[in-house]
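What the coordinates show
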Amino acid sequence: MVGHFEGVEMSKMISDLEGYFRQFVPSRDSLLLELEEEARQEGIPIVGPVVAELLYMLVRASHAGQILELGTATGYSAIYMARACHEFNGRVITVENDSGMVNRARANFEKAGLADHIQIRAGDAMEQMAEMSEPFDFIFMDIDKEGYVGILPYCTRLLKSGGLLVIDNVGFSAAEDFNRVISNSPQWRTLHLLSLLPLHSPEKDGLCLALRA
Ligand SMILES: C[S@@+](CC[C@H](N)C(=O)[O-])C[C@H]1O[C@@H](n2cnc3c(N)ncnc32)[C@H](O)[C@@H]1O
């Protein structure tokens, strides 16, 4: 396909862009591959290697040492973020309301050698955040989309000025209210990305990056 812009012929695009970019999905170690296989078999909606790598890069590049994750599942994304902040002695607090997942995540943090760097809190995200007062540099929100709007004021309170909030699954209709609210809030500078995310659940989704003013 050849694009045109004001009568000027532009360079040819790579055909089948979605298929083409799948070859560049970053490689993973055996523990992460095992967690991906479990997720496939059991239908656990983990972020997959592309969003996880983005989280790794954002944490590492922003030198985020105090990280909060909402929605742990088996611990896949928390392991990426803990590895990213390991070098500068950072830590991850992750919240999960399913006790079976809490136990599985704990075991996976041990296997990853990260038990001292990740603290898992069992319970509802909003209830847990209501108890927190420590400021965070980075928050990753990955719970049920219906909870996003209600939890936003807690993120506003707990995230430092200049801190980053990353929100997964904003392409679901259940996230529409949230998308409108955060985009209209003077407390956040937001960017919505429509993305192809190979091995994500689902592969075509929206991601929102929001910077705390
Ligand atoms: C999409 S999965 C998290 C995946 C994980 N972030 C990853 O990519 O490896 C969402 C998890 O959030 C949990 N969850 C959903 N609503 C929650 C809430 N209100 N409070 C705490 N956990 C919640 C679910 O039990 C589920 O395990």
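Please refer to the structure placed before this passage.
We now turn to the structure provided with this report. Keep in mind the model is a prediction, meaning the values are calculated, not measured.

Close to the ligand lie 19 residues; V47, G71, E96, A125 and D142 are nearest. One of the side-chain N or O atoms of S77 is found 2.9 Å from a nitrogen atom in the ligand. Between the ligand and N97 there is a distance of 3.2 Å, counted from a nitrogen atom to a backbone nitrogen or oxygen. Here the ligand loses 89% of its free accessible area of 600 Å² to cover by the protein chains. Its residues assigned to classes, the shell around the ligand shows 8 nonpolar, 5 polar and 6 charged.

The terminal C-alpha atoms of helix 3 (residues 48-62) lie 21 Å apart, and with 15 residues this matches the ideal 21 Å at 1.5 Å per residue to within 8%. Every buried residue belonging to helix 3 is among G48, P49, V51, A52, L55, L58 and V59, and all of these are buried. Summarising the contacts, the buried residues of helix 3 are in contact with helix 2 (30-42), strand 3 (66-70), helix 4 (76-86), strand 6 (136-141), strand 7 (159-167) and strand 9 (204-212).

The tally for this structure, following the rule as stated, stands at 13 salt bridges. Two residues, E38 and R104, come together in a salt bridge whose shortest N-O distance is 3.0 Å. Placement of the pair is E38 in helix 2 and R104 in helix 5 (residues 99-111), with a sequence separation of 66 residues. Given the relative accessible area of 22%, E38 is considered partly exposed. A salt bridge links R91 to E134; its shortest N-O distance comes to 3.8 Å. Taken together, the residues R91 in strand 4 (residues 91-96) and E134 in the loop between helix 6 (125-130) and strand 6 connect sequence positions 43 residues apart. Taking the relative accessible area as the measure of exposure, R91 reaches 31% and is therefore partly exposed. Each member of the salt-bridge network shares a partner with another, and the members are E38, E42 and R104.

Criteria and thresholds
Residues numbered from 1 in each chain as written. Predicted model: local features only at pLDDT ≥ 70, side-chain atom pairs only at ≥ 80, totals over all residues. Heavy atoms only, no water. Near = heavy atom within 4 Å. Polar contact = N/O pair within 3.5 Å; in protein donor to acceptor, adjacent residues only side chain to side chain. Areas by Shrake-Rupley, 256 points an atom, 1.4 Å probe, with all protein chains shown as cover. Nonpolar A, V, L, I, M, F, W, Y, C, P; charged D, E, K, R; others polar. Helix = DSSP H or I, 4+ residues; strand = E, 2+ residues; numbered from the N terminus. Expected span 1.5 Å × (residues − 1). Buried < 20%, exposed > 50% of the residue type's maximum accessible area, 1.4 Å probe, protein only. Contact = heavy atoms within 4.5 Å. Salt bridge = Lys/Arg side-chain N within 4 Å of Asp/Glu carboxyl O.

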